[in-house]
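So you can see what is in the structure, the chains are spelled out below.
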Amino acid sequence: MSSGASGESGGEHVAVRARRTAAQLSIKSWLLLMLLVVSIGSNVVGGVLGYLNGTDSLKDAAYDRLIEVRDARARQLVNLLDAVENSLLLASRDSSVSGAEQAFAAALDELDAAGNAQGSSGAPGLTLTPEQNAAVTSYFVNQFAPALAEATGEDVDPASFDPSSRGSRYLLYHYLVALSAPAGDDGQGDDGQGDDDGEGGQTGQTGQGADPSAVNDAGDGSAWSAAHSRYHDYLHRMATLLKFDDLVLIDGDGRVVYTESKGVDLGADLTKGPYSFTGLGITFATAMSTIQGLDTVVFSDFQRYSPALGSPVAWAVVPLAGGASTADGTGESTQGAPVGALAVQLPIARINAIMTGDGKWSDSGLGRTGEAYLAGRSGSEPVPTMRSVSRDLAEDPQAYLQAAVQAGLSEEIAEQAVSSGETLLLQPVDTEAANLALDGQRGTVTSRNYLGSQTIAAYAPFRSHGLKWAIVAEIDAEEALAPVDQFTQRLAISSAIIVAVVSLLSVIFAGLAVRPLRRLRDAARRIAAGEQGVQVEAGESDELADVAAAFNDMSRSLELKAALIDEQRAENDRLLRTLMPETLAKRYREGVRTIVQDHQEVTVMFADIVGFEEFGRSTTSDRALDLLNDIFRAFDEAAEAHGVERVRTTRQGYLASCGLSVPRVDHARRTVELALDMQRIVERFGAQHGADLSVRVGMDTGTVTSGLVGRSHVVYDLWGDAVSLAFRLQGGANEAGVFLTQRVVDKLPDTMPFADSGVVEVSGGYQRVWRLDPKAADAPR
């Protein structure tokens, strides 16, 4: 009995130890398996997410570099145009410049009068001999016309450029033809009256001889040469120091009375004949129009200019202010009509230097293949063309020639670009980026460039000084995305290493019972650090499972409460933004309670919907309010598109302003265009619902004040004379339409159909009121 009992007792102890061992091994196995699955699975998921996020970040970084280059080039170009504009505005008030123009114009009149009087009592020495006249004609027939035909590839009629004005022919002979003749030849035959100066040739002029721009006095004794001797050095230094390609003085009748380069356009008439259709002629006419003021510089896009042998030329023209001496001789300038104009050629070299970064593309973040360039559309050519030089042409002309021809450019035009070293107006840029930018959009895109290469590009419209160009910064996609491939390889290698290391560590530490406790500790620390959604594995032990479950419940509860707090904060922020502008909402959240701000030059409009009350009575109140909200929602979208800010809406009207948070130069135009859009919205709504609706808008420009009113119930409001007057115009009108004060009309173009609508009394006097009929404004004119 005792022996059997002892055997049974020993067997039970062995079974217990076996079960314990099996239980311990099972726990270790499960822990090891769980650790391996979690670690490897997490690594795989993290690797995938890291790959996706990493590639997106690298692509975004490439786009950000291009955007930075694009915007930097645009700012530099605006600065250049500003410098040109400021230089011309300063020169337009310079008595030396206006005095030079008047002196040259008077001298040219004298030459024309002398030529007309030839044969009777013409002044001796101020007329050309028959041989000299023949030399002028010969220059156009034998030199200029063939050179222009060769440069443009088109037939040229010399007679269309050979001037009929005797004064112009006189100046062209003495300051171009005689100086362009080869050394030893006076340019007129054997009569011995030519100028045998014998100096070197001039860039852009045909023939060999003296540089016309370097000659101060032709020695012919004319008043024009005397004026030239007095003013040319000053004007020449102005053009040279400011790096203008040419400088031209034009009198009030449109005659080119002086050119710094002494081209064939000297003495030309810009108001009729072939020169009236050139960029210079059109820009001059615009600058001298009554719409433009004395202190306005008009810029033109690049066009081919025949006197420059068909080269692309862009002009900037400013009217010259005349001056009259007062009785005491002070010479105070008058503010009457302009006496003439000053025109300069925009410096192509400086534009190219900006767009190419002085040829240092890599230093500006464009790598081996990137570039930034300008593109624009000509009136007769819908396909955009370049307005700056191509990097491919600048770096490797022969490679550019081959690539351009393969991309579809004619070999003749490609060779012309290579020979001239310039792609301006030659290289088409019919790309997605350029077309989107010219349509007024900005952004980034992956597409093919003008040579057919796959690129990533950052594009934007360039709207400055009346120029409508596109600016594009692009780089080959292969070069830009090369870091993505490197990142992928490194990520794969690092992921493999991590999997191996984690697997080894899992084997070593899987049997440690303290591991779950350490996870709990680490998780608690992460929550203490502010991390949300922290969870831990419960494990197999009952006690640890209970603790882990309680911990996870606590973590989820904290996460839920944090999410509710964040959601409530976001809802509060959204409500604040609906009640007031973001800038005021930010200050209000920061604890500022007295918030008020004055605004200068703001256009305020107040509009109501005429006929809606009658329409609303025909339906339920809920339906009427829903429809009114739909209209106001459309108003808000239109206001945002025009850069106008809604202040508040009530059932009685819609109050908005432009120039309030974001100062805008064209705030009046934007507000009027919004009013026209509101009329279209209301008409469309009325047509859909069979209602006769229209808008009645009051509008004024001036200084207003905005701020938060109230303590317990805060309201964002706008007040001031301009607001009150806008309310009065809208409320006092008996018919639909847009009613504007004189202050608004003064800031709008004269082409809008205004009608006098009387006057309104304001503090300090009366203000004239004008009515703009939205239907008339939309009608084709």
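It should be emphasised that the depicted structure is a prediction, and the values quoted were computed from it without experimental measurement. (Residues numbered from 1 in each chain as written. Predicted model: local features only at pLDDT ≥ 70, side-chain atom pairs only at ≥ 80, totals over all residues. Heavy atoms only, no water.)

Enquirer: Got a sec to walk through the pairing of strand β16 (residues 694-709)? Specific residues and values, please.
Expert: Burial within β16 is extensive, with 14 of its 16 residues counted as buried. With 13 bridges joining them, strand β13 (residues 596-610) and β16 adopt antiparallel strand pairing. Bridge pairing in β16 links Q597 to S706. In the sheet, β16 pairs with strand β18 (residues 737-741) via four bridges, with the strands oriented parallel. Bridge pairing in β18 places M699 opposite L740. Direction of pairing for β16 relative to strand β17 (residues 715-719): antiparallel, over a ladder of five bridges. (Buried < 20%, exposed > 50% of the residue type's maximum accessible area, 1.4 Å probe, protein only. Helix = DSSP H or I, 4+ residues; strand = E, 2+ residues; numbered from the N terminus. Pairing = 2+ DSSP bridges.)

Enquirer: I'd like to hear about the packing of helix α9 (residues 397-406) against helix α10 (residues 411-420), residue by residue, with values.
Expert: Helix-helix packing is described using two parameters, namely the angle between the two axes and the distance between the axes. One can describe the packing of α9 onto α10 by two numbers: an axis separation of 9 Å at closest approach and a directional angle of 160 degrees. The angle between the axes of α9 and α10 places the two elements in the roughly antiparallel class. The chirality of how α9 crosses α10 is right-handed. Side by side, α9 and α10 meet where P397, Q398, Y400, L401, A404 and V405 of the first sit next to E411, A414, E415, A417 and V418 of the second. For the contact of α9 with α10, the class distribution of residues is eight nonpolar, one polar and two charged. (Axes fitted to C-alpha atoms, helices over the stretch in contact; angles between N-to-C directions. Parallel < 35°, antiparallel > 145°, perpendicular 65-115°, else oblique. Left-handed = near helix turned anticlockwise from the far one by under 90°. Contact = heavy atoms within 4.5 Å. Nonpolar A, V, L, I, M, F, W, Y, C, P; charged D, E, K, R; others polar.)

Enquirer: Residue-level account of the pairing of strand β20 (residues 765-772), with values.
Expert: Bridge count for β18 against β20 is four bridges, and the pairing is antiparallel. Looking at β20, one finds that F739 is bridged to R771. Two elements, strand β19 (residues 754-762) and β20, share seven bridges in a ladder whose sense is antiparallel. Paired with F754 across the strands is L772, a residue of β20.

Enquirer: Before we move on, can you summarise the pattern of salt bridges with the specific residues and values?
Expert: One pass over the structure, following the stated rule, counts 22 salt bridges. Residue R377 is joined to D439 by a salt bridge in which the shortest nitrogen-to-oxygen separation is 3.8 Å. Of this pair, R377 sits in strand β8 (residues 371-378) while D439 is found in the loop between α11 (432-438) and β10 (443-448), placing the two residues 62 residues apart along the sequence. With a relative accessible area of 32%, R377 lands in the partly exposed category. (Salt bridge = Lys/Arg side-chain N within 4 Å of Asp/Glu carboxyl O.)

Enquirer: Report on the confidence of the model for the protein, specifying residues and quantitative values.
Expert: Averaged over all residues, the pLDDT of the protein equals 81, while 81% of them reach at least 70. Segment residues 187-208 is flagged for pLDDT under 50; beyond a separation of four residues in sequence, or across chains, it makes 56 contacts in the model. (pLDDT = per-residue confidence, 0-100.)

Enquirer: Lay out unusual backbone geometry with the relevant residues and their values.
Expert: The backbone phi angle of D358 is positive, close to 55 degrees, even though this residue is not glycine. Within the secondary structure, D358 is located in the loop between α7 (348-356) and β8. Positive phi outside glycine occurs at E601, with the angle close to 55 degrees. Mapping E601 onto the fold places it in strand β13.

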